[in-house]
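# A look at the structure
Here is how the chains run, residue by residue.
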Amino acid sequence: MVRTLLSFAFCLPIVAQTTATLSGDITDQTGAAMPGVAVRLSNVLTGYSAQLETTADGRFQFANIPFQSYVLRLEKTGFDVSERALSLRSNIPVRLDVTMKISGQGTAIDVTASEIRATIDTEATGTRTELDASSFDRLPQQASGRGIESVLLSFPGFAANANGAIHPRGAHNQMTFVIDGMPISDQLTGAFANAVDPTIVQTIELFTGDVPAEYGNKVSGVANITTRTGVGSGRKAGGSTQLYAAGFDTLSQVTQVMGGTEKFGYLLSANTLESHRYLDSVSLDNLHNGGNSERAFARFDYQPNSQDQLRLNLIGGRSSFELANLRSQHESGQRQRQGMRDFSASLGWVRTIDARSTFDATASYRTSIAQLFPSEGDTPVTASQARHLSTITLSARYNRLAGAHTLRFGADVQRFPVSENFSFGVTHPDFNDPMSDEYLEGLLPFDLTRRGRLFQFTGKRTGAMDTWFFQDRVRYGRLTLSLGMRFDNYRFLARGTQWQPRLGVAYHLKETGTVFRASYNRTYQTPPNENLLLSSSREAGLLAPDAVREAFGGGAIVITPERQDFFELGLQQTITRFVGFSGSFYHKRSNDLQDNDNFLNTGIIFPITLSQSRVNGAEGRFNFLPSRGVSGSLSFTHYRAIVTPPFTGGLFLGSSALESLSAGPFIIDHDQTLGIHGILNYAWKKKWWSTLSVRYDSGLVSNPSDPADVATDPDYADLLPYVNLSTDPTRVRPRTITDVSVGYDRYRGDKKAWDLSFQLVNAFNTTALYNFQSVFVGTRVVQPRTAGAKLRFYW
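Residues numbered from 1 in each chain as written. Predicted model: local features only at pLDDT ≥ 70, side-chain atom pairs only at ≥ 80, totals over all residues. Heavy atoms only, no water.

A separate point is the overall build of the protein. For the protein, the count of helices and strands is nine helices and 43 strands. Its C-alpha atoms give the protein a radius of gyration of 27 Å, within 12% of the compact-globule value 28 Å for 795 residues. Taking the principal axes of the C-alpha coordinates as reference, the protein spans close to 95 × 50 × 50 Å. Expressed as a percentage of the 795 residues in the protein, the buried residues total 60%. At a minimum sequence separation of 6, the contacts of the protein that also span at least 24 residues come to 69%. For the protein, the exposed surface amounts to about 30,100 Å²; the carbon and sulfur share of it is 57%. Averaging the positions of the 76 positive and the 74 negative side-chain charges in the protein gives two centres separated by 8 Å. (Helix = DSSP H or I, 4+ residues; strand = E, 2+ residues; numbered from the N terminus. Rg over C-alpha atoms; globule rule 2.2 N^0.38 Å. Buried < 20%, exposed > 50% of the residue type's maximum accessible area, 1.4 Å probe, protein only. Contact = heavy atoms within 4.5 Å. Areas by Shrake-Rupley, 256 points an atom, 1.4 Å probe, with all protein chains shown as cover. Lys, Arg positive; Asp, Glu negative; His and termini not counted. Charge placed at Lys NZ, Arg CZ, Asp CG, Glu CD.)

Have a look at this one:
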């Protein structure tokens, strides 16, 4: 009889606060150690797979494992194959010792086929999706200014917007990225900040429903990112160099080096990018739209003893790019540029206290600088900006296993110093013509064509938020409970506190392969810190249209955090051995909804709030596990987002629709009736592969512009066929975008030597818009057909 020992041992290293560790000894029936046993840990639903061979003394160890359910498979010639189903959902180390039997003496497989090829996650109490790097590395993606958001777009619940921006479940953005325990709530799309490089990522765990209590700040979506590590790689140094070239003179390279032992590991990554279509264009002509960026990442792991583990992450980068011009701006000689720089550092420590408890802590610092440089030909407005935003975070967690309970207690301390310098002036006499019905008297002092002066704003403040939380995950037979409570104390321009219960339940009906789930979350989402000082100022309030200014008493009201109640019902269903489905219905109601105003098609955003909002949505995802080389997914998303004025904050200049939008409830611009995204993968003989991605978007809400005015406007007339201004609400027209990639992997023995791939983005050259003259995001055009090639060498 096979003997298996499952225990929790304090003698194992832990690589990161949000990952698990598994180790053990493999012996034969005499108790002798078994070297050279092939050990594989995998989850076919997420695409995660790690494999190694036992050492001379029969030991194996996996680190940096994302929280999930797995199958461990052991193989050695002359012995029965052994498979075990494991649930690894805590950073408390797990030890598994196995005795293997000689072939012919009985099977060693103690899990059912449905457990081995699980098409559903039986413990998820809310919408949670996870992908391994192997699943998204082959996706056809735009290189210019894009980051991890382009990967998240393949998940259900998101609507696509320009420059890689995504709207999670009816929210503008409000996402938090947690990189190896370091939270980042800045907007990370190419127009607003330097994005996360997908090549450093090992796995992405995405929460959009029943978000655990440890996450706060921006929680419409939480992307928990585990980066790659060199721990246990068995090599002192190895790496790869990737070269990429595509249309619009796009060139990029990524070079990575990694290595390590059981106690030490490192990963170094550097990438550069240059393109003449750095961001999505504001016109069909792609005028003045070049840019470049450089990014670097380093991760170091060290285990000084059997109880402690240290991890240091360093992230830095810069970008410089032109702001795309309308035709009139190009003819006028406008040549605005934007520059960004950022640096992040985080130090993590994990200590194993005993066999059932750990303590972990993270200290992190992130700073970012954004600058807008004006030019002599700016029209209709000239502007400049220098913004500096930093975030300092101290976090501590205590984890304990107690019977059916997985407990996690924690506290966070955050400080965020902000400084802002912004100026603008009207440069075109028609922009704020006193004879026009849209004339704003508050702009007259800053009309340079009428003897005005530059508007100037300078501000500097430091905000704070202190948090504590408790969460308990309870497994009782078929039932899983997620019980959490969070308390936030926010102190900045506004002050507030909020208790936030997070409750979820899942029930697994094994007989039919069904999981029912339900959850309720109370959330407290803080305002974006980008340009928050100006947006909340009296100076900005005086520039707003009369109807907006009168709605909040003629001055400015400080932007306060959003308070939201979030309800979700969900279902997971195993359809066949290779097909599973996950779907949900949700309702969100909010006070002081957080959103942004984009300043005249630039990369400058100004936070705003709206008094109330309600979002109702439904979404689902079919997962097709690998079968005869074919795999894929099919996701659909629907939601309706209705908001109620008045507005607070922002900097709305020349926004003719703003008064009408202030009159009563309206459907906001990130509302979309239907989004469908299908991905089909095919792999042949381990060498050849191809990926097909097809995405349909029914269209976001646009500005309710007068078609007659648009038809006579040389900047926008040729975009009129791609927007429907006769509906209520007006929307950009539906689009279907097809992307294709094919590749070949070359091996030397069992190791990859090089790979080559080709991709075609927007294969049918569909002309379409992301948005049109939106008060909130402006106008952006979908990238036309673009071909690219990627060559990567491993060494």
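Here the focus is unusual backbone geometry. Between T379 and P380 the backbone carries a cis peptide bond, its omega angle lying at 0°. Here P380 is to be found in the loop between β23 (357–373) and β24 (381–402). The residue after D728, namely P729, is reached through a cis peptide bond having omega 5°. Take P729: it is sitting in the loop between β37 (723–724) and β38 (731–732). Positioned with a positive phi, F248 is a non-glycine residue whose angle comes to about 60°. With respect to the helices and strands, F248 occurs in the loop between β17 (238–246) and β18 (250–260). At D249, a residue that is not glycine, the phi angle is positive and equals roughly 55°. Position of D249 relative to the elements: it lies in the loop between β17 and β18.

With that settled, the discussion passes to a negative patch on the surface. Together, D437, E438, D706 and D709 make up a negatively charged patch on the protein surface. Among the secondary structure elements, D437 is positioned in the loop between β25 (405–426) and β26 (455–476). (Patch = residues over 30% accessible without salt bridge, like charges linked within 9 Å, V, L, I, M, F, W, Y side chains within 5 Å. Salt bridge = Lys/Arg side-chain N within 4 Å of Asp/Glu carboxyl O.)

Here A544 lies in the loop between α6 (538–541) and α7 (546–551). Here the alpha-carbon distance between A544 and L443, two residues 101 residues apart in the chain, equals 8.8 Å.

Under the defined criterion, the tally for this structure stands at 47 salt bridges. For D25, the salt bridge goes to R59, with nearest N and O atoms at 3.5 Å. Here R59 lies in strand β5 (residues 59–66) and D25 lies in strand β2 (residues 19–27), a separation of 34 residues in the sequence. E205 is the salt-bridge partner of R128, the closest N and O atoms lying 2.6 Å from each other. In this pair, R128 sits in strand β10 (residues 128–132) while E205 sits in strand β15 (residues 201–207), placing the two residues 77 residues apart along the sequence. Taking relative accessible area as the criterion, R128 reaches 17% and is therefore assigned buried. Note on E205: relative accessible area 8%, which makes it buried. A network of salt bridges, in which partner residues are shared, links R89, D121, E123, R128, E130, E205 and R475.

Summarising the element assignment, A56 is placed in the loop between β4 (48–53) and β5. On the accessibility criterion, A56 (72% relative accessible area) is exposed. C-alpha of A56 to C-alpha of G36: the two residues are 20 residues apart in sequence and 7.3 Å apart in space. In this view, A56 contacts A33 and P35; residues no more than four positions away in its chain are not counted.

Our next topic: the pairing of strand β31 (residues 579–598). With respect to burial, β31 is a largely interior element, 15 of its 20 residues being buried. Sheet topology note: the strand β30 (residues 562–574)/β31 ladder contains twelve bridges and is antiparallel. Paired with D565 across the two strands is R589, which belongs to β31. Counting the residues between successive antiparallel strands, the hairpin from β30 to β31 contains four residues. As paired strands, β31 and strand β32 (residues 605–627) are joined by 19 bridges and run antiparallel to one another. Across the sheet, residue N598 finds its bridge partner in β32, namely I605. (Pairing = 2+ DSSP bridges.)

Another point: the nonpolar core. Among the nonpolar cores identified, the biggest contains 33 residues, and I148, L152, M175 and I204 are the most heavily contacted of them. Discounting chain neighbours no more than four positions away, the residues touching L152 are F158, I166, M175, F177, I204, L206 and A223. V418, M465, A540 and F606 belong to the second-largest nonpolar core, a separate cluster that totals 32 residues. (Core = buried A, V, L, I, M, F, W, Y, C linked by side-chain atoms within 4.5 Å.)

The next subject is the confidence of the model for the protein. Mean pLDDT over the protein works out to 88, with 91% of the residues at or above the 70 mark. Within the model, the stretch residues 1–16 combines pLDDT values under 50 with 69 contacts to residues more than four positions away or in other chains. (pLDDT = per-residue confidence, 0-100.)

Taking strand neighbours across the sheet as the criterion, the five strands line up as β10-β15-β16-β13-β14 in an open arrangement whose pairing is mixed. With partners counted over all chains shown, the strands left at the sheet margins are β10 and β14 (182–184), one partner each. Each neighbouring strand pair of the sheet contributes to a mean axis angle of 20°, computed without reference to strand direction. For strand β13 (residues 175–179) and strand β16 (residues 221–227), the ladder comprises five bridges, and the chain directions are parallel. If you follow F177 over to β16, its bridge partner there is A223. (Axes fitted to C-alpha atoms, helices over the stretch in contact; angles between N-to-C directions.)

A separate point is the pairing of strand β20 (residues 291–302). Where strand β19 (residues 264–275) lies against β20, twelve bridges are found, and the strand directions are antiparallel. Bridge assignment links S269 to a residue of β20, and that residue is F297. Bridge count between β20 and strand β21 (residues 308–322): twelve bridges; the pairing is antiparallel. When the sheet's bridge partners are listed, F297 is paired in β21 with I315. Where β20 folds back on β21, the antiparallel hairpin that results is connected by five residues.

Right, let's get into the packing of aromatic side chains. Tallied over the entire structure, the rule returns 23 aromatic pairs. Measuring from centroid to centroid gives 6.3 Å for Y398 and F409, while their planes differ by 35°, and the two rings are tilted. A residue pair is termed long-range when its members are at least 10 positions apart, and Y398 in strand β24 and F409 in strand β25 qualify at eleven residues. Ring pairs connect the aromatic residues F422, F424, F446, F455 and F606, which therefore count as one cluster. Of note, K588 hangs over the ring of F566, and the distance from its end group to the ring centre comes to 5.7 Å. A cation over a ring is seen here: K686 above Y747, with NZ or CZ 4.5 Å from the ring centre. (Phe/Tyr/Trp six-rings, centres within 6.5 Å; stacked < 30°, edge-to-face > 60°. Lys NZ or Arg CZ within 6 Å of the ring centre and 35° of its normal.)

As a further point, take the environment of E149. Within the secondary structure layout, E149 lies in helix α3 (residues 149–152). With relative accessibility at 4%, the residue E149 sits in the buried group. Considered as a pair, E149 and S627 are 478 residues apart in the sequence and their alpha carbons are 28 Å apart.

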